[in-house]
Amino acid sequence: MWERIISRQTRDVWKRLFRRKSAVLGLAIIVGFLILAVLAPYLNLHSHIRGDFRMVLQAPQAGHWLGTDEMGRDLLSRMIWGSRISLTIGVISVIIGAAVGVPVGAISGYYGGKVDIIVQRFIDIMLAFPGILLAIILVSVLGVGLNNVMIAVGVVSIPKYARLVRGTVLQLKERDFVSAAKAIGRSDAAVVFRHIVPNCMGPILVQSTLLIASSILWAAGLSFLGLGAQPPTPEWGTILSRGRDYLMVAPHISTFPGIAIMLVVLGFNLLGDGLRDALDPLDPRT
Amino acid sequence: MSKYLIRRLIMILPVIIGVSLVVFFMVRAIPGDPAQALAGERADEETVAMIRARFGLDQPLPVQYWVFISNALQGDLGRSTRTRRPVAAEIAEMFPNTIKLATAAMAVAVVVGVSAGILSAVKKDTWVDNLSMFIALFGVSMPVFWLGLMLMLVFSVRLNWLPTAGMGTWAHFILPAITLGMSSAAIMARMTRSSMLEVLRQDYIRTARSKGLAEFRIVNKHALKNALIPVVTVLGLQFGTLLGGSVLTETVFAWPGIGRMMVESIMARDYPVVQGAVLTVSLTFIVMNLIVDVLYVYLDPAIKYD
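These figures come from a predicted structure and were not determined experimentally.

Colleague: Would you take a moment to explain the environment of Q207 of chain A for this structure?
Modeller: All names here are of chain A. Tracing the backbone shows Q207 in helix α9 (residues 201-224). Counting along the chain gives 47 residues from Q207 to K160, while the straight-line C-alpha distance between them is 8.4 Å. Discounting chain neighbours no more than four positions away, the residues touching Q207 are K160, Y161 and L164.

Shown next, in the form of structure tokens:
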């Protein structure tokens with residue numbers, strides 16, 4: 001019976017989500033980039049690593065629809081391969097943030113008392129740093145590179161998950177289903193992770209969608225500063241940063257990666273907003 | 001009120017100590033030997049050891065932290081390994097430039113964001129509302145460094161209307177302030193809209209309308225004051241975020257601020273400067289959050305001090 005109720009609820013959420021044009025647009029943008037990212041090896045593109053020195057800094061033209069870069073590499077190929085990197089960064093950093101932030105927030109909210117006070121002070125300290133600044137210092141400590149960018153951006157999102165989950169757990173822990181689980185002798189770990197956390201999934205999903213958007217922006221920012229992906233990796237922030245030196249003669253090198261970042265971030269923001277509304281039954285529009 | 005203020009001040013003390021600990025240990029965790037960096041690549045071991053002893057780098061970490069924090073409390077943040085100048089002097093020179101830029105960006109955010117939010121709420125569900133909210137979403141989704149480059153390309157390179165980089169005249173402020181303020185403007189537009197809609201649904205607004213007051217007067221005299229309470233909170237938090245976010249804008253426009261100084265210092269492994277700059281920005285961020293909390297309580301009598 002429970003499965004039937006849950007599947008009905010999920011169906012309702014999907015229905016409400018698909019009723020929102022902006023959320024559908026967001027989803028379409030994400031799916032579009034996802035398809036490009038998956039199909040990149042099969043699209044018969046120009047090499048995204050090897051350049052043709054006869055074709056350096058070419059403006060968009062037939063054969064090179066987005067032009068070429070300073071090494072004569074096809075920008076469209078690099079952008080399509082770059083979509084794999086940017087989407088991976090977004091998803092992995094959010095997984096890192098959630099993997100630590102969700103249990104920390106859940107434990108803090110469930111146990112309360114001293115555990116909560118100590119955890120919350122740590123969260124306060126992490127939140128006392130502006131996000132990008134904390135990510136910059138972390139990358140400096142861990143070393144420049146794509147993997148460390150994902151870790152740094154993931155760590156920055158830990159307090160956001162912890163705060164969100166703690167708040168939701170505080171609301172849920174007094175509910176009947178939690179008392180029932182305790183009454184039948186479930187361990188604390190089972191109560192928290194089998195009964196409470198699955199009920200926090202709505203807000204976590206919304207938060208994750210919006211955090212993928214900001215993670216992609218932060219990671220691109222770190223690469224722009226030279227702390228993220230290193231050339232010749234076709235990461236959008238790195239391509240954009242390299243294009244800065246050729247802004248006068250080949251503005252397309254910086255323009256297209258910026259548009260791609262903006263579109264994919266917009267997609268996740270639209271979807272996140274739509275999910276938040278669809279999951280909120282009190283919202284008048286639903 | 002004063003009790004609340006004292007309690008909040010006491011509460012931020014552990015956070016400040018925590019932040020100083022994090023900054024201290026993180027900077028020491030950065031790969032590379034600062035004594036070697038100070039002495040230079042070709043320095044012999046004896047010189048490096050001498051420098052290590054002179055700067056207390058051979059002491060245990062808790063002792064080093066104690067020295068660092070006692071000196072910091074007296075305004076001594078060490079010396080830059082690049083310029084050999086006191087870090088505090090470098091920060092005192094650069095930080096006001098970042099504050100100026102963040103203030104200009106905040107002005108852009110308030111003027112554009114609050115006006116767009118009010119207009120959106122008043123014209124709810126019309127094309128004006130849809131358009132301004134769509135632009136706001138683009139504003140949040142745009143990478144600041146890209147927006148900066150595009151503005152530079154159009155207004156400096158192509159049209160030659162504004163300077164490309166640096167700081168000097170008021171014209172130098174325009175592009176960096178728009179770049180840095182755009183994302184905050186978008187956030188404030190969304191916030192103002194939802195807060196305004198909430199207020200416009202209240203009974204006292206209905207009463208004002210039934211009295212036959214003009215819509216302009218209702219919005220300006222009755223709704224705006226209450227609608228702006230949550231916006232003030234966002235405003236304060238955004239100012240702190242702008243200080244951190246200035247790193248990218250300052251890099252794009254070669255703005256002589258603390259953000260660019262920090263990035264350059266990380267690249268040059270100038271750890272005392274990194275440490276001092278991060279500490280300064282974080283402390284300002286904490287103080288801004290405190291001011292927002294206090295201001296919120298002051299502005300909204302419905303919130304109790306305890």
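From this point on, the discussion continues.
Colleague: When you look at the packing of aromatic side chains in this model, what are you seeing that I'm missing?
Modeller: Considering all chains together, one arrives at 11 aromatic pairs over all chains under this definition. Where F224 of chain A meets F145 of chain B, the ring centres are 4.5 Å apart and the plane angle is 20 degrees; that geometry is what we call stacked. Of the two residues, F224 of chain A is situated in helix α9 and F145 of chain B in helix α7 (residues 144-158); the pairing between them involves two chains. Given a relative accessible area of 1%, F145 of chain B falls into the buried group. Look at Y65 of chain B and F68 of chain B: their rings are 6.3 Å apart centre to centre, the planes differ by 50 degrees, and that puts the pair in the tilted class. Of this pair, Y65 of chain B and F68 of chain B both sit in helix α4 (residues 61-73), 3 residues apart, roughly one helical turn. For the pair Y65 of chain B and F68 of chain B, one class covers both residues: buried.

Colleague: Please explain a nonpolar patch on the surface as it appears in this structure.
Modeller: All names here are of chain A. A contiguous nonpolar patch, built from V31, L34, I35, L36, V38, L39, Y42 and L43 and spanning about 710 Å² of accessible area, is present on the exposed surface. Locating L34 in the fold gives a position in helix α2 (residues 21-39). Assessed through its relative accessible area of 42%, L34 is described here as partly exposed.

Colleague: In this structure, what is going on with the interface of chain A and chain B? I would like to understand it.
Modeller: How big an interface is tends to be stated in terms of the accessible area lost upon association of its parts. Listed by partner, the interface residues are 39 residues for chain A and 42 residues for chain B. For the chain A and chain B pair, buried surface summed over both sides reaches about 3,600 Å², with 84% attributable to carbon and sulfur atoms. Our enumeration of links across chain A and chain B arrives at 1 salt bridge. Residue D273 of chain A pairs with R190 of chain B through a salt bridge whose shortest N-O separation is 2.7 Å. Where the side of chain A that touches chain B is concerned, the elements lending two or more residues are α4 (113-127), α5 (131-142), α9 and α11 (252-279) of chain A. A per-element tally of the side of chain A that touches chain B places α11 of chain A first, with 12 residues. Across the side of chain A that touches chain B, the residue classes break down as 28 nonpolar, 7 polar and 4 charged.

Definitions and cut-offs
- Residues numbered from 1 in each chain as written.
- Chains lettered and ligands numbered in written order.
- Predicted model: local features only at pLDDT ≥ 70, side-chain atom pairs only at ≥ 80, totals over all residues.
- Heavy atoms only, no water.
- Helix = DSSP H or I, 4+ residues; strand = E, 2+ residues; numbered from the N terminus.
- Contact = heavy atoms within 4.5 Å.
- Phe/Tyr/Trp six-rings, centres within 6.5 Å; stacked < 30°, edge-to-face > 60°.
- Buried < 20%, exposed > 50% of the residue type's maximum accessible area, 1.4 Å probe, protein only.
- Patch = residues over 30% accessible without salt bridge, like charges linked within 9 Å, V, L, I, M, F, W, Y side chains within 5 Å.
- Areas by Shrake-Rupley, 256 points an atom, 1.4 Å probe, with all protein chains shown as cover.
- Salt bridge = Lys/Arg side-chain N within 4 Å of Asp/Glu carboxyl O.
- Buried area = accessible area lost by both parts, 1.4 Å probe.
- Nonpolar A, V, L, I, M, F, W, Y, C, P; charged D, E, K, R; others polar.

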